[in-house]
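Chain residues, written in single-letter form:
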Amino acid sequence: MKKEKLSLLVAISITTGIFCGVWYVLSGITGLIGWAGFAGCTTYFATGKHGAEGLKNAILPNLAGIACAMICIFFGTNFPALDSVGIWAGLISFVICMLSHIKWFSFTPGTFLGCFATFAAGGDWKLLVPSIFVGAFLGWTCDTTGIWLHKKVNGIKE
């Protein structure tokens, strides 16, 4: 068997370094949240899936987590006495775990990530949603171009 000139891990690492650097600059220019984009990218890679399946498994749970956090923020703001004893955080954590029974939301870490990212963003879901969404596509771009680079350098034909 012929030895590879460039491993898949190194190829994806190269493209990830390039595109994440570009993302950081573009997030500042566009006013999106840079770290939230990295969270969406991380979620894409953490699913262990590629392509459209990876995007779906990253984006939908992230969005569900954002919705859960906003519900928690709403109830915590309107019923502060119960918030101080963690009632809303406990209930939302329960809901997030129960969502894992639904196929589209089965990647529970992605849902928790969307939730805690919302708290980190101060509840600014209008800015968080596009940042995480673009970040998931950042992950897909890093992955897809890394696979392409690996094949190109190693002369792999499909």
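Figured I'd write up the structure that's included with this text.

## Examining the overall build of the protein
- Along its length, the protein carries seven helices and zero strands.
- When the helices and strands of the protein are read in sequence order from the N terminus, they spell out α-α-α-α-α-α-α.
- Dimensions of the protein, computed from C-alpha atoms along their principal axes, come out at roughly 65 × 40 × 20 Å.
- The buried share among the 158 residues of the protein stands at 38%.
- Looking at the protein alone, contacts between residues at least 24 apart form 72% of all its contacts between residues at least 6 apart.
- For the protein, the separation between the mean place of its 10 positive charges and that of its 6 negative charges on side chains is 13 Å.

## Quick notes on helix α5 (residues 87–99)
- If you check α5, its first and last C-alpha atoms are 18 Å apart, about what 13 residues at 1.5 Å a residue would give, namely 18 Å.
- Turning to α5, its buried residues number three or more, namely W88, I92, I96 and L99. Buried residues of α5, viewed axially, fall in a sector of 70°; they line one side.

## Some points on the packing of aromatic side chains
- Summed over all chains, the structure comprises seven aromatic pairs.
- Each member of the aromatic cluster is reached from another via a ring pair, and the members are F74, F75, F79 and W88.

## A look at the nonpolar core
- One finds A64, C68, A69, C72, W88, I92, I96, L99 and C115 forming the largest nonpolar core, which totals nine residues.
- Elements with a contribution of two residues or more to this core: α3 (51–78) and α5.
- Excluding anything up to four places from it in sequence, I92 contacts C68, I71, C72 and C115.
- Within the second largest apolar cluster, seven residues are counted, among which are A117, A121, L128 and I132.

## Quick look at the environment of T144
- Its place among the elements puts T144 in helix α7 (residues 125–154).
- The sequence separation of T144 and I12 amounts to 132 residues, and the corresponding C-alpha distance is 8.2 Å.
- Within polar-contact distance, the side chain of T144 engages the backbone oxygen of W140 at 2.8 Å.

The rules behind each value
- Counting restarts for each chain, with residues numbered from 1 along the sequence as it is written.
- Side-chain atom pairs in this predicted model are given and counted only at pLDDT of 80 or more, local residue features only at pLDDT of at least 70, and totals for whole chains, interfaces and linings cover all residues.
- With hydrogens and water excluded, all non-hydrogen atoms of the structure serve as input to the side-chain values.
- Every helix listed is a DSSP run of H or I at least four residues long, and every strand listed is a run of E at least two residues long, numbered separately from the N terminus.
- Burial classes follow relative accessibility: with a 1.4 Å probe on protein chains only, a residue under 20% of its type's maximum area counts as buried, one over 50% as exposed, and anything between as partly exposed.
- Contact between two residues is taken to exist if any of their heavy atoms lie within 4.5 Å; hydrogens are not considered.
- For the charge count, each Lys or Arg is scored as positive and each Asp or Glu as negative, with His and the chain ends excluded.
- Charge positions are represented by NZ for Lys, CZ for Arg, CG for Asp and CD for Glu.
- Here the expected span of a helix is defined as 1.5 Å times the quantity of residues minus one.
- Directions are taken from the helix axis to each C-beta atom, and the arc is the one they span.
- Pairs were defined over the aromatic rings of Phe, Tyr and Trp, the Trp ring being its six-membered one, requiring ring centres within 6.5 Å. Orientation was assigned from the angle between planes: stacked under 30 degrees, edge-to-face over 60, tilted for the rest.
- Side-chain atoms within 4.5 Å are what join buried Ala, Val, Leu, Ile, Met, Phe, Trp, Tyr and Cys residues into a set we call a nonpolar core.
- Any pair of N or O atoms that falls within 3.5 Å is considered a polar contact. Within protein, one atom must be able to donate a hydrogen and the other to accept it, and sequence-neighbouring residues count only if both atoms are side-chain atoms.

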